There are 2 protein chains.
Amino acid sequence: MRLLVVEDEHALAEAAAEHLREAGHAVDIAVKLDDAQAAVRATSYDLILLDLQLPDGDGLTLVRDLRNRAASTPVLIATARDQIMQRIQGLEAGADDYLVKPYDLDEMLARVAAILRRADSSRASQRQFGPISIVPSAQVVYLNDAPVRLTPKEWAILDRLSRRPDITVSKADFEDALYGFGSEVESNAIEAHVSRLRAKLGRGVIETVRGFGYRMGKG
Amino acid sequence: MRLLVVEDEHALAEAAAEHLREAGHAVDIAVKLDDAQAAVRATSYDLILLDLQLPDGDGLTLVRDLRNRAASTPVLIATARDQIMQRIQGLEAGADDYLVKPYDLDEMLARVAAILRRADSSRASQRQFGPISIVPSAQVVYLNDAPVRLTPKEWAILDRLSRRPDITVSKADFEDALYGFGSEVESNAIEAHVSRLRAKLGRGVIETVRGFGYRMGKG
DNA sequence: GGTATTCGTCAGCAATCGGTAAGGTGGCGG
DNA sequence: CCGCCACCTTACCGATTGCTGACGAATACC
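Let me sum up the structure you'll find in this document. Note that this is a predicted model, so its numbers are computed, not measured. (Residues numbered from 1 in each chain as written. Chains lettered and ligands numbered in written order. Predicted model: local features only at pLDDT ≥ 70, side-chain atom pairs only at ≥ 80, totals over all residues. Heavy atoms only, no water.)

## Topic: the protein's contact with DNA strand C
Then step 1. Of all residues adjacent to DNA strand C, which total 27 residues, the nearest are A:Thr151, A:His193, A:Arg196, B:Thr151 and B:His193.
Then step 2. Within 4 Å of the protein, the contacting atoms of DNA strand C are drawn from sugar and phosphate to the extent of 61%.
Then step 3. In the model, a phosphate oxygen of DNA strand C is placed 3.3 Å from a nitrogen or oxygen of the A:Lys153 main chain.
Then step 4. Mapped by element, the contributors of at least two residues to the surface near DNA strand C are helix H6 (152-163) and helix H8 (189-201) of chain A together with helix H6 (152-163) and helix H8 (189-201) of chain B.
Then step 5. A breakdown of the residues in the surface near DNA strand C according to their chemical character gives 10 nonpolar, 8 polar and 9 charged. (Near = heavy atom within 4 Å. Polar contact = N/O pair within 3.5 Å; in protein donor to acceptor, adjacent residues only side chain to side chain. Helix = DSSP H or I, 4+ residues; strand = E, 2+ residues; numbered from the N terminus. Nonpolar A, V, L, I, M, F, W, Y, C, P; charged D, E, K, R; others polar.)

Here it is as structure tokens:
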């Protein structure tokens, strides 16, 4: 597995990286937010171990960036004990788990292993809905074997719907998932995205459950 | 939804309760830890909004009590800005989220809604009544395996009935649950909805208990 | 640095909801 | 057997909710 460690304390970064390498992973290190973003853009990681307090910015912006680009890379956040608020925001922004610094290296390794295991099983190959096939690993959608280009937000919506096809997802849920918590969207942004998705994929793919939200059409 | 507001500042308690009632919840107020514990023992709440600083004790004991009794009632904690340690302890004791006092009423409402949503979707499962199956997570009802489309109000009524199938629910209870508390529905709105429900689901599903209210039909 | 996407917002339209009311039905006491 | 009262059913219409095309700002890409 290929991992990225984002940590400005050099000694800690090296120690963590070494521990992960002994466990058989390929590990890159970034000491600044800039470096991390460059690295993430250049390569696809299987997991990111992220310190929130960085010299040139808040680590959470990296998480939001990833999620806005619809990247599902798991993120494990490391934070000092007094930054509990950041921890919570981190989980809401789409992090997968957190560690309290200073952390035990073996515990870190255990968390990493747990997340990778989880991610692997949810990565699931491919999802079929009538004429639509969704390939999460490649973030590609096919309509009758013809590839369809989706924007990041469109993908995020379809991904969330198709992950639990039996569940109705409310617009409020989408807003919590696509944007932060405090950031209120005053309008019908979700409706607009759904409309665009339907234009690309056909009418039957996403069903409206009036008064509740949206759900995958039954194929 | 039935909520409990635990807060010794009378004005704030009333303001919060009023705001929640406007959102359609039934709200009780407790001004002391004692009252809160009595209330929790007497009734089952869907969520508790808890001030930690109370005249007769620490609000955390309430959280611990709940968790010790394996009650999963979600708890939203409110604390002053400088009580960070309490917040941390609160989250570790099993609270679901926290608010910094003084808080904006609308933000409070948003947090409450988010927690209720989370709790509701995790409650999941599925309820069977003869030819009817109710899937709360998808907000869908099946009649002989054919999906039936219900409006939000219809769903609310069926949901409330099916949650406690052995209980007869009075029309006043429905009005409390579907509208605010001091709601004046001058007409037969509930009867009309029940009628429309029966038209969609069949006659046997909802029984009339003349003079008292309605109850799920025994399948 | 210019161009193309993307995304949030808005407005107008369409569909559906839901409270109300009015007339009908049936159970129950007398 | 009668009348009353609780409940049922249906139509109506204002209010709400959702859909879609257009527009402009922000952003990414070359």
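Next comes the rest of the write-up.
## With respect to the pattern of salt bridges
Then step 1. Taken as a whole and judged by the stated rule, the model has 15 salt bridges over all chains.
Then step 2. The salt bridge involving A:Glu154 is made with A:Lys200; its shortest N-O contact spans 2.8 Å. Here A:Glu154 is found in helix H6, whereas its partner A:Lys200 is found in helix H8, with 46 residues between them in sequence.
Then step 3. On the basis of relative accessibility, which here comes to 3%, the residue A:Glu154 falls in the buried class.
Then step 4. In this structure, B:Arg21 and B:Glu18 form a salt bridge, with 3.9 Å as the shortest nitrogen-oxygen distance. A residue pair is termed a helical-turn pair when its members lie 3 or 4 positions apart in one helix, as B:Arg21 and B:Glu18 do in helix H1 (residues 10-22) at 3 residues.
Then step 5. Given a relative accessible area of 39%, B:Glu18 falls into the partly exposed group.
Then step 6. Connected through shared salt-bridge partners, B:Glu7, B:Glu9, B:Asp51 and B:Lys101 make up one network. (Salt bridge = Lys/Arg side-chain N within 4 Å of Asp/Glu carboxyl O. Buried < 20%, exposed > 50% of the residue type's maximum accessible area, 1.4 Å probe, protein only.)

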